[in-house]
Amino acid sequence: MERTLNNDLPAAVGKTVKIAGWVDVRRDHGKLIFLDIRDRSGIVQVVVTPKAAEALETAKELRAQWVVEIEGEVKARPENMRSEGALGGVEVGVQKIAILSRAHELPFELGTDVNIDTHLDNLPLTLRSARSRDIFTMQSAILGAYRTSLREQGFTEFIAPALVGGDAEGGAAAFKVDYYYDQTAYLATSPQFYKQIMVGPFERAFTVAKIFRAEKSATTRHLSEATCLDFEMGFIENEREPMKVLENTIRYTVEQVTKEHGDIFARFGTTAPLMPAEIPILTLKDALQTLGKAEAPDMEPEDERAICEWAKKEKDSDFVFITRYPTKKRAFYTYEEPSEAPYSRGFDLLFRGLEINSGAQRIHDYDTLVARMNDRGLDPGKFSYYLQAFKYGLPPHGGSSTGLERFTARMLEIPNVKEATAFPRDINRIDTRLSE
Ligand code: AMO
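Help me understand the site of the ligand, please; the structure alone is not making it clear to me.
The local shell around the ligand holds 24 residues, among which Gln192, Lys195, Arg213, Glu355 and Arg362 are the closest. Here Lys195 contributes a side-chain N or O atom positioned 2.7 Å from an oxygen atom of the ligand. Separating a nitrogen atom of the ligand from a backbone N or O atom of Leu223 is a distance of 2.9 Å. Starting from 620 Å² of accessible surface for the ligand in isolation, the protein chains cover 93%. Among the secondary structure elements, those contributing two or more residues to the shell around the ligand are α5 (192-197), β11 (225-234), β15 (354-361) and β16 (397-403). Ranked by the residues each element gives to the shell around the ligand, the list is headed by β15, at five residues.

Pasting the structure below:
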């Protein structure tokens, strides 16, 4: 018999089917045993009665996370016994149970509140919890929508390298790697150079890239390995065009996840993000002034939270753009706004209190870029490979990068970005805790 997925069971009432999955919960009620069986499509209740004597003996043995194959008849549950959800209206009357895999006793009941370290120490188990499955279902949907939207806006996806010869951000701490011939390579801190190079062949290019940053600080928003949704586009007037493309992409993503995953927002006690017709844009100066703060070269995390609260209250928006950071606070390739020097054409996008994206118009003129490198004490000779893109003609261009984990975390209002990372790496852990 072919396997039926749980979410196809409502259409199979009266039929005998075979389902397969994990035992989520076993409940004993006198002579009956109820099992909740989870497969990739959902969770369904099955009932084992003394009529199926052999199955009942097997069911008595079953524990959480055992993997089983079950044959039985699909029945509509009586009106007063229905539970919530699509599968709440059906159950399977069990005829046969085959055990595919036995689980050891669990260290704790799945779904109970455990602290973040216990959660991370046991990911092969805890990722199976309803909460984790919701988080990574959401992340997968974000990723899919992001890609679709950029493709629809004329972008070509490429794969950026993770092993590089130097640090693209010129400042972000890079992990060193022993390479061939006694050379030191680095793990990429950003696909920045490669996406700019790809403007040459494609005008509009994007990549989903792993970035690695030797972040020494243990915070709820920093990872040593993060995933970035990066795009770059040519023939722009200024930074407003990449900001618009980003806004379109975010809007499409929010629309898609709202349509497909309203139930997840509800389970996390939050709502789909507020997205006005236009995301508000503030200069750094205006943002600080709005908060009654003195002028400063950057925003502190508490300023980011406060300005997001302001945007929500005053502009009905969970997103806010901040522009006109001082050029010297931004990466060396950032274009300066000529009419407002020393302020730049760089921007950040804040979402529900956190920076989730950074972008800018870039310097596209070879001589200007070399001069900027010299200003910053960077040796242009070390960037000769990247500089070829400019030597051989590159239009005015710009782009941005969204941190997937941060975007996911704020989407569901999860306090720690690590919970929105399937296998997070941080100062204390690379799968297992380093202190052990
Ligand atoms: P930036 O350094 O701001 O910009 O990174 C872009 C976005 O990536 C995410 N991010 C991180 N997320 C978790 N842990 C980290 N350690 C981490 N570092 C970065 C954030 C951030 O907004 N080249 C530029 C982008 C550009 O100009 O296109 C860059 O790397 O969400």
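Just to check I follow, could you spell out helix α1 (residues 53-61) for this structure?
Helical geometry: 3.6 residues make up each α-helical turn, so side chains three or four residues apart lie on a common side. Buried within α1 we find Ala55, Leu56, Thr58 and Ala59. All buried residues of α1 lie within an arc of 165° about the axis, which places them on one face of the element. Residues of α1 that are buried sit in contact with β1 (16-29), β2 (32-39), β3 (42-48) and β5 (90-101).

What should I look at first to understand the packing of aromatic side chains in this one?
Pairs of aromatic rings are described using the distance from one ring centre to the other and the angle between the two planes. One pass over the structure, following the stated rule, counts twelve aromatic pairs. On the numbers, 5.4 Å between centres and 70° between planes, the contact of Phe332 with Tyr333 is edge-to-face. The buried category is assigned to Tyr333, whose relative accessible area is 4%. Taken together, a centroid distance of 5.0 Å and an interplanar angle of 80° make the contact between Tyr386 and Phe390 edge-to-face. Here Phe390 and Tyr386 lie together in helix α11 (residues 384-391), a separation of four residues that amounts to about one turn. The residues Tyr386 and Phe390 share a single accessibility class, namely buried.

When you look at the sheet that holds strand β9 (residues 184-187) in this model, what are you seeing that I'm missing?
Within a sheet, each strand pairs with its neighbour through backbone hydrogen bonds, oriented either parallel or antiparallel. Strand order across the open sheet formed by three strands is β7-β9-β8, with antiparallel pairing between neighbours. This sheet does not close on itself; its edge strands, each paired only once, are β7 (163-164) and β8 (176-178). As paired elements, β7 and β9 share two bridges and run antiparallel to each other. Bridge pairing in β9 links Leu163 to Leu187.

Looking at this structure, I do not really get the sheet that holds β1. What am I missing?
If you trace the five strands once around the closed barrel, you get β1-β2-β3-β5-β4, paired in mixed fashion. On average, adjacent strands in this sheet sit at an angle of 50° to one another, irrespective of strand direction. When β3 meets β5, the two strands line up parallel, connected through three bridges. What sits directly across from Val46, in β5, is Val92. With respect to the sheet, α1 is in contact with β1, β2, β3 and β5, its orientation differing from that of β5 by roughly 65°.

Parameters and conventions
- Residues numbered from 1 in each chain as written.
- Predicted model: local features only at pLDDT ≥ 70, side-chain atom pairs only at ≥ 80, totals over all residues.
- Heavy atoms only, no water.
- Near = heavy atom within 4 Å.
- Polar contact = N/O pair within 3.5 Å; in protein donor to acceptor, adjacent residues only side chain to side chain.
- Areas by Shrake-Rupley, 256 points an atom, 1.4 Å probe, with all protein chains shown as cover.
- Helix = DSSP H or I, 4+ residues; strand = E, 2+ residues; numbered from the N terminus.
- Buried < 20%, exposed > 50% of the residue type's maximum accessible area, 1.4 Å probe, protein only.
- Arc of directions from axis to C-beta.
- Contact = heavy atoms within 4.5 Å.
- Phe/Tyr/Trp six-rings, centres within 6.5 Å; stacked < 30°, edge-to-face > 60°.
- Pairing = 2+ DSSP bridges.
- Axes fitted to C-alpha atoms, helices over the stretch in contact; angles between N-to-C directions.

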